[in-house]
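# Notes for the structure review
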Amino acid sequence: MTNKFRTLDDVDVKGKRVLLRVDLNVPMENGRVSDATRLERVAPTITEISDKGGKVILLAHFGRPKGRDAKDSLKPVAEALSKVVKKTVAFADDCIGEPAVKAVAGLKDGDILCLENTRFHKEEEKNDPAFVAELAKLGDIWVNDAFSAAHRAHASTEGLGHKLPAYAGRTMQAELVALEKALGSPTKPVIAIIGGAKVSTKIDLLENLVTKVDALVIGGGMANTFLHAQGVGIGKSLAEKDLAATALRIMEKAEAANCAIILPVDATVAYHFAANAPSHAYGLDAIPADGMILDVGPQSIARVHAAIDDAATLVWNGPLGAFEMQPFDRGTMSAAKHAAERTKAKKLVSIAGGGDTVAALNQAHVAGQFTYVSTAGGAFLEWMEGKPLPGVEVLRTK
């Protein structure tokens, strides 16, 4: 896999101006970074280039500004980043034009500079060739370390790869290696756990996965849509009843591809959508008409554990129930801990991604025990759907 992409192993950065695209889109509270996870993820690439004598010039977006907006400035992020990398991170208040040119010209080997939010220019998202050319003037090579933005063909995430020699940073490289292990050339059997509220947002994903995996566990609100399609009474549970035909089509496609679909066989039901609401496990033939399915039941949890035990590779996206509230986190927490134990015992390669999934694994205190956890939401999903990602394609060895 790594041979298919150019990485930092293929270039000598000493004395070079390295335009490094990173993900600095971190949560902020009262003008301060409240979660530095993404900064910690990009630190190894920044430090490596700096230590090898490259001039590190960081490109990143922040928020969704419509033009220049002080609240979306990367300046406080650059200050937080300097603490993470334990080196001074200088700041230029634009990413093109005189402020950027001047700041880059003043760099010495090993220096780190963060340029202002690329999205302050509308040309960034349009991948405007003139804007790409302005950015390209500032560097000798381009390194993409922002997998989370790789599904977008923007100037700093894809356009630069056509103007400058292009390489994957270490975070991007780790992600590509992990994804190859998950679905590219995985150790079989492969199981996917797909949860979350809606089938509508994951139709492409499910249709791609049934052709790639040996078993597909469907949980969360999505499972209710599948159960309804099969004629199960689901009471007042969240479901997209208009997608019943789609659910049946996905099941037919799975059968044709020899992929086992694992749906809940029982459910944890409550009458109110609230934490610690009184709840009870019911078989599928006995769901109360005024009840809501908020989690899988104990028999379903045992089936998911058994499916994980049968697998050599696990890909996970989405929770099995309303995991934000007790006791409806039981299914997700139990499956997460079981997958972590199998991974620790070297019996499973476990790859997980997506915002809710990462939150659930953190809640179960097992994120660090999975083989790889992707912090990229949209890009991880599009990759799982089998779509080429522009920011990755441009790094392929020609």
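Heads up: the structure comes first, above all this text.
Since we're looking at a predicted model, the values are computed, not measured. (Residues numbered from 1 in each chain as written. Predicted model: local features only at pLDDT ≥ 70, side-chain atom pairs only at ≥ 80, totals over all residues. Heavy atoms only, no water.)

## Some details on the pairing of strand E15 (residues 313-317)
With respect to burial, E15 is a largely interior element, five of its five residues being buried. The two faces of E15 match: Thr313, Val315 and Asn317 on one face and Leu314 and Trp316 on the other face are all buried. Inspection of the sheet shows strand E9 (residues 190-194) paired to E15 by five bridges, in the parallel sense. Residue pairing across strands places Ala192 opposite Val315, the latter belonging to E15. (Buried < 20%, exposed > 50% of the residue type's maximum accessible area, 1.4 Å probe, protein only. Helix = DSSP H or I, 4+ residues; strand = E, 2+ residues; numbered from the N terminus. Pairing = 2+ DSSP bridges.)

## A few points about the nonpolar core
With 77 residues, the main nonpolar core has Phe147 and Leu216 as its most contacted residues. Among the elements that take part in this core, helix H6 (residues 170-184) stands out by supplying six residues, more than any other. Other than its neighbours up to four places away in sequence, Leu216 contacts Ala192, Ile194, Leu206, Leu209, Val210, Cys259, Ala260, Ile261 and Ile262. Formed by 30 residues, the second largest nonpolar core is a distinct cluster that contains Val304, Trp316, Phe323 and Ala367. (Core = buried A, V, L, I, M, F, W, Y, C linked by side-chain atoms within 4.5 Å. Contact = heavy atoms within 4.5 Å.)

## Points about the packing of aromatic side chains
By the definition in use, this model includes two aromatic pairs. Where Trp316 meets Phe370, the ring centres are 6.3 Å apart and the plane angle is 50 degrees; that geometry is what we call tilted. Here Phe370 lies in the loop between helix H12 (355-363) and strand E17 (372-374) and Trp316 lies in strand E15, a separation of 54 residues in the sequence. Grouping residues by exposure puts Trp316 and Phe370 together as buried. (Phe/Tyr/Trp six-rings, centres within 6.5 Å; stacked < 30°, edge-to-face > 60°.)

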